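# Chains, contacts and geometry: an overview
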Amino acid sequence: MQNKGAIRVFAILLALVSLYQLIFTYHTRQVEKEAKEIALGDPQAEINYLDSIANEPVYNFLGIRKYTYKECKEKEINFGLDLKGGMNLILEVKVADILKALSNYNTDPTFNEALQIAEQKEKTSSEDFITLFYNSFKELDSEARLAAIFNTVELKGRIDYNTSNDEVIKVVREESSSAIDNAFNILRTRIDRFGVTQPNIQQLEKAGRVLVELPGVKDPQRVRKLLQGTASLEFWETYEIGELVQNLIQANQKVIEIETAKAELAKSDVPSEVTEEVEAVQTAEDAASDLLSQLDSDSTQVDSLATQEMSRSLFSVLSPNQRQQGPLVGYALAKDTSKVNAYLQNEHVSALFPKNVRFMWGVKPLPQRELADGTRSKDEIYELIAIKVSSHDGRPPLEGDVVTSARAETGQSGDYEISMGMNAEGSNVWARLTKANIGKSVAIVLDGYVYSYPTVNVEIKGGRSSITGNFTPEEAKDLANILKSGKLPAPARIVEDTVVGPSLGEEAVNSGFSSFIWAFIVVLAYMIFFYGFKAGTVSDLALLANMFFILGVLASFGAVLTLPGIAGIVLTIGMSVDANVLIYERIREEMAAGKGVRLAIADGYKNAFSAIIDSNVTTFLTGLILFVFGTGPIKGFATTLMIGIATSFFSAIFITRLTYEWLLNKKIEVKFSTKLTEGFMKNTKIKFLEKKKSFFIISGIILLASVISLATHGLKSGIDFSGGRTYVVRFEEKVSASDIQKALATEFEDAHVEVKTFGGENQVRVATNYMIDENGTEVDNVIEEKLFNGLKGTLGADVSFEKFINDYRMSSQKVGPTIASDIKAKAYRAILFSLIVIFLYILIRFRNWEYGLGALVALVHDVIVVLGIFSMLYSIVPFSLEIDQAFIAAILTVIGYSINDTVVVFDRIREYLGLHPKRDRVGVVDSALNSTISRTINTSLTTFVVLLVIFLFGGEVIQGFVFALMLGVVIGTYSSLFIATPVAFSVIEAREKKKIKAKK
């Protein structure tokens, strides 16, 4: 074995990297375990504890670097929402709405008809919306000019009446992209306020779509409402801190009085009705003196936060601004902002301030401070700004809809600044506002948070302004985007919505890991049983190393582990055995030919290498296609599958080889079979090619039955493909699905409603397409209320709507019709593309198109049979057999598994034909097929047993997915032996006969 030293070094480095990555998960689990013990079952107390130690060191790496809990949490293996509960959303800002806004809602009939046509085409086309709109516009009227529609005040200077259609589309595309970026920035900022750990937000491939994952979110209705609301950009006048100093002193005194009174009441038996207005221990004069001396101090207010003695006062959580200029009131740690809010909103405290003052927090924490030891502070500190409400109706003097342009640029001094333009109406108001506030600040506020509060130097006329400050390039760009968000044309609409309750997530974790452990034990035991203790143990060590590497690489990549992801890992266990089986079977053949153990092992690895490479590459290509075309959990499955293939290849080929080198050097005897398995499937003489017509007839009957069922019975589309909503509801006792369906059919009027027992007799899955085309912010709440009303008779009178949502509704999912159409199109493309790629790979690898055709026919055979069985059984079996994204993942995995088998068979045929070129071809091919049976049965059996364990213990959520894989293993094994090769050689025979006839 060459390069043993390099392989050892790589294995050690990979192990160390995996250990380093996984140690973060260990430490976060330890902290969270401690939080549960301290909280004593109170979820909010648990969250508060974790928040309080978020920036505390919990892991010291070799004394070199200390990692906080927050940093460890960012590096741990992430669980998907199906494993820990939470909310997954796909939001969409419709490009059609953006175009309408850019045209100033032009009523031109051609323009509006083109928009409607483009919206219809978008459901089935892969083209972007603007291209579809432009093509539709030209088809309706080839002479029409877009400049007449988009020549608006907002686009003045970029579009005039002479601008060509192509140039207009270019400008519109840029503006649309900018609006989508603004929407993304707003959503990202809003999500940061939900207080959930590890939120995920990312722009998707299709323009205008954003994926949002919020693990552990407690109030889905609030999330939907906030994320779908339009942006609210406002310009406010501000108070100077000097105007509020005495008010702050009085507020601090009042808080001290209130908190002292609470403490006294807690010590005594005085009834709780006693008023909070009692005499304080500390006098008002002392409080005022303390504050004034603090304001005169030379120390900075930010540093004082770290050392300030905590007491029951406003200033214990809010450090005042000592400069006494500008609208900045003070600073607070992130964990103290809610307490500051509570103090300032107290009716007795708020009465001490002017009626027209409002307090708003800055949107981002201040830059982290450098401490005395050279490290940076982990504390997040926020600014509190004093806003002045000068109108009687409480509205701001100016709102964001007047902003026509905003861009980040460098000023004359080289510093970054923001150039902003307004329309005529905004320019007039802006001139009055800036004239009245020269020397003071104007706050720029979005969604109730202050993004900037620049000082006004002069009256600004004409609406053109420059906002200066110590901006970094990123900060300048962000603020420019925020200012442009004032003309955000439409709210983001939820087109896909999944909610998983925490209890269902916990059950998924338990069932997923139990299936993982049992499957692992089964495979370990099987390898020892079949190949003997020593050889079986070596392969088991490789499997253990493989699992360790998979988890380490997942953590390194920041991948999210989902239930399908666990299935992918477990499936990898079954499939990774394939490499060991291939090697061991070749070693047994070499030993049967009379070679010594050392030479047999060397030749066994060498001769098996080609088949292992081919089978791994084809399966990896399938995983890659899944990753490219899949979304959400399917990407998770594909990620773990691809990582598992790479790590299992390294483990099976190199780690086992190094182990055998060590055993042989130690002169330890190794056997590769037991007395029970030594002659397993040896000397079989099945006439595969001779009996090919019988196999074709059997397959033809199965295919005919499948096609008839598909034509008459059809398939049950999941909401991924049809659009709709599903809810999983769990009851206290056994329920009747038919009775629930009758009750819900009445409640949901004429809409389609389907109710099916799901996972247990006390749990049902409700599917409906009711109001699926409606996009209002309250639609989801309306439907959940209807669901609750329909289930009242079963739930009982004592169950409230809130209790139903929190305790009985285990999960919910919504997929809009547009995204369902996209998912379906992607799924079809994924299957077609995988078939083409595999055909081309085999064509290139074997340099024989007949092999590729045989493999392709076998794959089509497998797919049709699996579809046919799903069609026949979906209304019979007690688990879901819907055609959805998970099913497509299963089909592609079946394709990968089947081609894996087929490639190994073809590889052996190629080898035998090379070794025996003068023998009868039919006999050589049959011998090659018979020689692979032991390997095929072993691999199929281990994979099938693994999948059976997942099917039994993995939970109802993935039973349909695993059932498809189980079918695929059986059908794929059959087709690789009895369909692929006979088809390939039937075509070869026909071609040769044709050549012979042509020569005659």
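Details of the structure are given in the entry above.
Residues numbered from 1 in each chain as written. Predicted model: local features only at pLDDT ≥ 70, side-chain atom pairs only at ≥ 80, totals over all residues. Heavy atoms only, no water.

## Topic: helix α23 (residues 692-712)
Under the 1.5 Å per step criterion, the end-to-end length of α23 is 30 Å for 21 residues, consistent within 8% with the ideal 30 Å. Residues of α23 that are buried make contact with α29 (849-873) and α32 (959-999). Looking at the residues trailing α23, positive phi occurs at Gly714, about 75°. (Helix = DSSP H or I, 4+ residues; strand = E, 2+ residues; numbered from the N terminus. Expected span 1.5 Å × (residues − 1). Contact = heavy atoms within 4.5 Å.)

## Concerning unusual backbone geometry
Backbone geometry at Asn104 places phi at a positive 60°, although glycine is not the residue there. Look at Asn104 and you get exposed, because its relative accessible area is 54%. Its identity as a non-glycine residue notwithstanding, Lys667 has a phi of 55°, on the positive side. Counting through the fold element by element, Lys667 comes out in the loop between α22 (633-665) and α23. (Buried < 20%, exposed > 50% of the residue type's maximum accessible area, 1.4 Å probe, protein only.)

## A few points about the sheet that holds strand β6 (residues 209-215)
Ordered in space as β5-β6-β4-β18-β23-β20-β22-β21, the eight strands form an open sheet in which the pairing is antiparallel. With partners counted over all chains shown, the strands left at the sheet margins are β5 (200-203) and β21 (753-757), one partner each. Pairs of neighbouring strands in the sheet enclose a mean axial angle of 15°, with direction left out of account. Against the sheet, helix α26 (residues 779-795) touches β18 (493-500), β20 (724-730), β22 (763-768) and β23 (809-815), its axis set at about 45° to β20. (Pairing = 2+ DSSP bridges. Axes fitted to C-alpha atoms, helices over the stretch in contact; angles between N-to-C directions.)

## Observations concerning the sheet that holds strand β13 (residues 403-410)
Each strand in a sheet pairs with its neighbour through backbone hydrogen bonds, running either in the same direction (parallel) or in the opposite one (antiparallel). Read across the sheet, three strands follow the order β13-β14-β17 without closing on themselves; strand pairing throughout is antiparallel. Pairing within the sheet leaves two strands with one partner each, and these edge strands are β13 and β17 (465-471). Looking at each pair of strands side by side, their axes are set apart by 20° on average, direction ignored. Pairing geometry for β13 and strand β14 (residues 416-422), over seven bridges, is antiparallel.

## Quick notes on the packing of aromatic side chains
On inspection of all chains with the given rule, the structure shows 34 aromatic pairs. Between the aromatic rings of Phe548 and Phe549, the centroid separation amounts to 6.2 Å while the plane-to-plane angle is 50°, which identifies the pairing as tilted. According to the relative accessible area criterion, Phe548 is partly exposed, its value standing at 28%. Taking the relative accessible area as the measure of exposure, Phe549 reaches 4% and is therefore buried. Between Phe649 and Phe654, the ring centres sit 6.3 Å apart and the planes meet at 85°, which makes this aromatic pair edge-to-face. When its relative accessible area of 22% is taken as the criterion, Phe654 is described as partly exposed. Among the aromatic residues, ring-to-ring pairing joins Phe10, Phe548, Phe549, Phe609, Phe649, Phe650 and Phe654 into one connected group. Sitting over the ring of Tyr67, Arg65 keeps its end group 4.4 Å from the ring centre. (Phe/Tyr/Trp six-rings, centres within 6.5 Å; stacked < 30°, edge-to-face > 60°. Lys NZ or Arg CZ within 6 Å of the ring centre and 35° of its normal.)

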